[in-house]
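# Notes for the structure review
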Amino acid sequence: MRKDWEIEEKYRLFCRENLPLARWTLRELTLIPGETGYEKARRAYCLNWMEAQGIRGGYCDETGNVIWEYQPEKQQKVLYTAHLDTVFSREETLEIKEDGQIWRCPGITDNTVNVVLLLLSAKYLNETTPELPCGLILAADVGEEGLGNLKGVRALTDSYEKNLCGMIAFDLYRDKMYPECIGSVRYQIRVKTKGGHSFLDFGNRNAIAELSGLVTELYQMVPEKGSQTTYNVGVIEGGTSVNTIAQEASMLFEFRSDSYQSLENCEKRLEQILNSRKSEEVLYECEVVGKRPCAREVDPIQMSRMTKCCRETLKAAVGTAPVPQKASTDCNVPLSRHIPAVCVGFCRGGGAHTKEEWLDSSSLETGMEAAIALVCRIPFYCEETEILFRDGITDPEEKEQIRRLLQLCDQDFVPPLSGRNSTSQTDWSTVDDTVDGISEYLENICCQHVVLWKEKGVIQSFMTWRDHFNCEYLTEYPDCCYLTTLCINPAFRGQGISERMYELAEKDIEEKYPGSEITLRTWSTNQAQDHILPRIGYRLIRRLVNDRGPGIDTVYYVKEKEILQ
């Protein structure tokens, strides 16, 4: 895994040489209207721009997305999007006003500058042809804003879903990134009544009053705990005159949530409320006018890696790391289909969705560096991980890989593995740093149950466990399953692999010894495990003070049957 996050000189050189082109492209594209649903002129510009730069094979799909593929022969693919549309109407006056390095114009940063960076990334790939482990799909997509309902990215995900191993959306600014999404459901709700004259027909049901009652009832809803769920009435219309009992009224209403289940529960609650209010005198019509899905379960390791790559690349390029937050972006769709996705911006700006929207044009060069670096780096973080379960290690190559990993991590253990004689050793006075205990320790764990974590065919982490384990310090848990060793290559730490290995080992144990208690031990200065174990349901049951030296206790944990269930 990459540890040096500095921006490569080849990226910097390309960006310096192409900065005038990037600035000119930004000026031209910003002045082309991009109202959602009317992106045709911008599509044509992007296709012509690619042709002019010698980028062949770009095309427009049936939905209106502009697409160019790099290494299309590769089976696994990473999708990069930047949405063409803006929130401003076609009639909006578009003029770039410059105040030094600050350029002001509606839509310039949300999302025109990011489309430009996507185009420049395609130019870099086309001219330098780097060898990457995945194919790339670069798409200037449509329908991201408002009631566009993520039309473009839905079509892209439908087309490539079986081959997608990751997705990055270029959107918004460099100070934030969005590895989590907010889903939403938007409705137009109409109320119809008989109405009448305000004096002569007084007492007849009034559609506006009925709609107001509905709003009041909806605003009594209490969002579920454990999720960030909101609701809002954004527009209300209805009525004819001051002396008319309104026959019809309508509103635009939405739910938003970071929880798929909470959003579904809100939909059900709305349906119940509408059904309870219907009568012969009052008709309610409810139409879904927009739906943006929440994330479902996504591989946490892949998400962690992609998020880290985005964060560290931006930090290396612009000097500060983006802050992770939640938002509704193109990433909603892939995340709802279990595909890792992160939304990230590259330039300094502000005022999104206002006529005062602005861009610091001096941030364009470093933003381009970060975008190109990310396009070339992310594919290396999207390769599949191989998980294997073994009841003992017999393969010589796997055994040798485990040996090398033990040697690499030897000094991370207290006491070091090289001075031990087994995984269940309790007498630390026999530890001898002058002998190589790795071989004896290796033979010991190769006779146990093993969970292997492989990257590109090489073991980078493993966890071992024993069945029918009995120990003098665990007399209340006879015949338990005992986790003996967790070892992770230092280059792969900080990605959530530890928790995932516990989960995999517990799954293996539950399948082979259903209902068994799981025990383990570690040392008190092992801060990483001390932080993880209580969070994933392990309870401290015994502490042997100074057992491994002054200030270093041996600590035993258990995950009991009822916790497992």
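Relevant structure appears above.
The notes below deal with the structure included here. In this text the structure is predicted, and so the values were computed from the model without any measurement. (Residues numbered from 1 in each chain as written. Predicted model: local features only at pLDDT ≥ 70, side-chain atom pairs only at ≥ 80, totals over all residues. Heavy atoms only, no water.)

## Concerning empty space enclosed by the protein
The final tally for this structure, using the stated rule, is one cavity of 30 Å³ or more. Within this model, the largest cavity holds a volume of roughly 80 Å³. Lining the largest cavity, in full, are Met-50, Val-66, Ile-67, Trp-68, Val-115, Leu-118, Leu-119, Ala-122, Leu-138, Ala-139 and Ala-140. Listed by contribution, the elements that provide at least two residues to the lining of the largest cavity are strand S2 (66-70), helix H3 (108-128) and strand S6 (135-141). In terms of residue count, H3 provides more of the lining of the largest cavity than any other element does, four residues in total. Considering only residue class, the lining of the largest cavity consists of eleven nonpolar, no polar and no charged. (1 Å grid on protein atoms, 1.4 Å probe; cavity = no way out; pocket = protein on both sides within 12 Å on 5 of 7 lines; lining within 4 Å. Points joined across faces, edges and corners; volume = space filled by probe spheres on them. Helix = DSSP H or I, 4+ residues; strand = E, 2+ residues; numbered from the N terminus. Nonpolar A, V, L, I, M, F, W, Y, C, P; charged D, E, K, R; others polar.)

## Thoughts on helix H1 (residues 9-30)
Given a rise of 1.5 Å per residue, 22 residues ought to cover 32 Å, and the 29 Å separating the end C-alpha atoms of H1 matches this to within 8%. Along its length, H1 reaches its greatest deviation from straightness, about 55 degrees, at Asn-18, and the proline Pro-20 lies no more than four positions downstream. All of the buried residues along H1 are Tyr-11, Phe-14, Cys-15, Asn-18, Leu-19, Ala-22, Thr-25, Leu-26, Leu-29 and Thr-30. (Expected span 1.5 Å × (residues − 1). Bend = angle between axes of the 7 residues up to and from the residue. Buried < 20%, exposed > 50% of the residue type's maximum accessible area, 1.4 Å probe, protein only.)

## Considering the packing of aromatic side chains
Following the criterion strictly, the structure yields 14 aromatic pairs and no others. The interplanar angle of 55 degrees and the centroid separation of 5.9 Å between the aromatic rings of Phe-413 and Trp-523 together place this pair among those described as tilted. Residue Phe-413 is located in the loop between helix H10 (396-409) and helix H11 (438-445), and its partner Trp-523 is located in strand S23 (residues 518-523); the two are separated by 110 residues in the primary sequence. Like Phe-413, the residue Trp-523 is buried in the burial classification. A network of ring pairs unites the aromatic residues Tyr-11, Phe-14 and Tyr-124 as a single cluster. Over the aromatic face of Trp-103 sits the side chain of Arg-27, whose NZ or CZ is 4.3 Å from the ring centroid. (Phe/Tyr/Trp six-rings, centres within 6.5 Å; stacked < 30°, edge-to-face > 60°. Lys NZ or Arg CZ within 6 Å of the ring centre and 35° of its normal.)

## Observations regarding the layout of surface pockets
In this approach the atoms are scanned with a rolling probe the size of a water molecule, which exposes any empty space left behind. By volume, the largest pocket is sized at about 680 Å³. As for the largest pocket, its lining consists of 32 residues, and the residues nearest its centre are Phe-413, Leu-486, Ser-498, Asn-526 and Gln-529. Elements with a minimum of two residues in the lining of the largest pocket: strand S22 (480-488), helix H12 (497-512), S23 and helix H13 (527-535). For the lining of the largest pocket, the leading source of residues is S22, giving seven residues. Class assignment for the residues of the lining of the largest pocket results in 16 nonpolar, ten polar and six charged. Reported here for the second largest pocket is a volume of approximately 450 Å³. Every residue lining the second largest pocket is counted, 22 residues in all, and those nearest its centre are Asp-299, Gln-302, His-338, Pro-340 and Glu-384. Contributions of two or more residues to the lining of the second largest pocket are made by strand S7 (164-170), helix H7 (300-318), strand S19 (385-391) and H12.

## What to know about helix H6 (residues 260-277)
An ideal rise of 1.5 Å per residue puts 26 Å on 18 residues; H6 measures up with 27 Å between its terminal C-alpha atoms. Among the residues of H6, those classed as buried are Ser-262, Leu-263, Cys-266, Leu-270, Ile-273 and Leu-274. Burial along H6 is one-sided: seen end-on, the buried residues are contained in an arc of 115 degrees. Exposed and oriented more than 90 degrees from the buried face of H6 are Glu-271 and Ser-276. Elements in contact with the buried residues of H6: strand S9 (183-192), helix H5 (207-218), strand S11 (229-238), strand S13 (248-257) and strand S14 (283-292). (Arc of directions from axis to C-beta. Contact = heavy atoms within 4.5 Å.)

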